[in-house]
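Breakdown of the fold
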Amino acid sequence: MSKVEEFEELRSLLFSIAYRILGSVGEAEDAVQETWLRFDASTTRPTSTKAFLSATVTRISIDVLRSARVRREQYTGPWFPEPLLSDPYEDPARAVELADSVSMAALLLLERLSPLERAVFVLREVFAFGFDEVATAVGRSEAACRQLLVRARRHMEAGRPRFAADRRERQELATRFFDALKDGDVDGLQTLLAAEAQLVGDAGGNAPQLAKAVTGAANVARLLAAFYPWLMRIDVTCEPHDVNGEPGAIFRDRDGKVLQVMVLDVRDGRIGTIRGMHNPEKLSHVGSVADAWAVAREVKEARRQARVV
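So, a few notes on the structure that sits alongside this text. Because the structure is a prediction, the values reported are computed rather than measured.

The number of helices and strands found in the protein chain is 12 helices and six strands. The globule rule puts the C-alpha radius of gyration for 309 residues at 19 Å, and the 21 Å found for the protein chain is close to it. Out of the 309 residues in the protein chain, the part that is buried amounts to 49%. For the protein chain, contacts bridging at least 24 residues in sequence account for 67% of all contacts bridging at least 6.

Written out as structure tokens, the structure reads:
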């Protein structure tokens, strides 16, 4: 096989590693591209191309994450990972681990880890790399990697919910939720929400957003029912779509441009957290991005005209 063929065969794995370490589609794609440049520039062929490329993309991702941490600390409002509509890497033997590790909840838990802990956890727990491969990738001894993994597991387990819903239950809840959302059905929404449900938005100061998270089933239901039906009135569409392996939806304006991506975190038979991603900088990989400020003004005008009538 040529270098290009070897690399392309492993591209999906490299992206999946980088995305889980970085939580950013754009940064993961850049890390994969830099990995190719280093591989292409190398004058010797590695014994294991997979090990070489995986180690390279891991090291690049660790360096990027270290600098990204500073930017995230200065981020305006809540920070969410960039939405991933489909994971390009598939491995039936690791299907559960792969699906769980890419969820929004899991990625936000990974944010609690140091860059080294995060890389070790991703390589070992998600992709089942041997400790020798992990040690090579992160530049630490096997013993040190085992200790890093112990700490990472402790942080991850402390934040995990006790009970997760199965896929069919999540999809059924999501269908009912989005139907009630479009209808502005407060009671219907409230029955689907956990008592302490949260509505949180990530706009990064680049789009209209909530001043703070809204908490409580009644409060969340009332706010959703008061706003989203107005979006439907100005021809915004709600397109159900899995997001990071969880039920969600893409909202598009009348021209088909992406306004928002919403993802639902379902636990214990109820929706616990609703995350809305509004920041256009995090949506450009989904499609052409709408002008959220213009949409907000149009909603405001539609409400004004309704009051006049």
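Let us look at the nonpolar core. By size, the foremost hydrophobic cluster in this structure holds 49 residues, and its most contacted members are I17, Y19 and F127. Elements with a minimum of two residues in this core: α1 (3–22), α2 (25–41), α3 (49–73), α5 (104–110), α6 (115–126), α7 (131–138) and α8 (142–159). In terms of residue count, the dominant contributor to this core is α1 (10 residues). Beyond its immediate chain neighbours, meaning those up to four positions away, Y19 contacts S24, V25, A28, P81, E82, P83, L84, V102, L107 and N244. Core analysis: the next-biggest nonpolar cluster, separate from the first, contains 38 residues, L181, L189, A225 and V266 among them.

This paragraph deals with the sheet that holds strand β4 (residues 248–252). The strands that make up a sheet are held in pairs by hydrogen bonds between backbone atoms, and each pair lies either parallel or antiparallel. If you trace the six strands from one edge of the open sheet to the other, you get β2-β1-β6-β5-β4-β3, paired in mixed fashion. Since the sheet does not close on itself, it has two edges, and those belong to β2 (214–215) and β3 (237–240), each with one partner. Against the sheet, helix α9 (residues 167–183) engages β1 (193–202), β3, β4, β5 (258–267) and β6 (270–277), with an angle of about 130° to β5.

The next thing to look at is the pairing of β6. Within β6, seven of the eight residues are buried, which leaves the element mostly enclosed by the surrounding structure. Pairing of β1 with β6, which is carried by six bridges, proceeds in the parallel orientation. Residue pairing across strands places G201 opposite G276, the latter belonging to β6. Inspection of the sheet shows β5 paired to β6 by seven bridges, in the antiparallel sense. Among the inter-strand pairings, D265 is bridged to a residue of β6, identified as T273. Joining the antiparallel neighbours β5 and β6 is a turn of two residues, in which D268 adopts a positive phi near 55°.

We now examine a negative patch on the surface. A contiguous patch of negative charge, built from D179, D183, D185 and D187, is present on the exposed surface. Turning to its location among the elements, D185 is positioned in the loop between α9 and α10 (186–192). Among the residues examined, D185 registers a relative accessible area of 35% and is labelled partly exposed.

Its place among the elements puts L259 in strand β5. Separated by 33 residues in sequence, L259 and A292 place their C-alpha atoms 6.1 Å apart. Residues within four places of L259 in sequence aside, it is in contact with L231, V236, F251, R252, M277, H278, L283, A290, A292 and V295.

This part is about the packing of α6 against α8. It is at 8 Å that the axes of α6 and α8 come closest, and there the two elements cross at 90°. The orientation of α6 with respect to α8, classified from their angle, is roughly perpendicular. Note on element contacts: α8 touches α6 through C145, L148, L149, R151, A152, R153, H155 and M156, opposite L116, E117, V120, F121, R124 and E125.

Conventions and cut-offs
- Residues numbered from 1 in each chain as written.
- Predicted model: local features only at pLDDT ≥ 70, side-chain atom pairs only at ≥ 80, totals over all residues.
- Heavy atoms only, no water.
- Helix = DSSP H or I, 4+ residues; strand = E, 2+ residues; numbered from the N terminus.
- Rg over C-alpha atoms; globule rule 2.2 N^0.38 Å.
- Buried < 20%, exposed > 50% of the residue type's maximum accessible area, 1.4 Å probe, protein only.
- Contact = heavy atoms within 4.5 Å.
- Core = buried A, V, L, I, M, F, W, Y, C linked by side-chain atoms within 4.5 Å.
- Pairing = 2+ DSSP bridges.
- Axes fitted to C-alpha atoms, helices over the stretch in contact; angles between N-to-C directions.
- Patch = residues over 30% accessible without salt bridge, like charges linked within 9 Å, V, L, I, M, F, W, Y side chains within 5 Å.
- Areas by Shrake-Rupley, 256 points an atom, 1.4 Å probe, with all protein chains shown as cover.
- Salt bridge = Lys/Arg side-chain N within 4 Å of Asp/Glu carboxyl O.
- Lys, Arg positive; Asp, Glu negative; His and termini not counted.
- Charge placed at Lys NZ, Arg CZ, Asp CG, Glu CD.
- Parallel < 35°, antiparallel > 145°, perpendicular 65-115°, else oblique.

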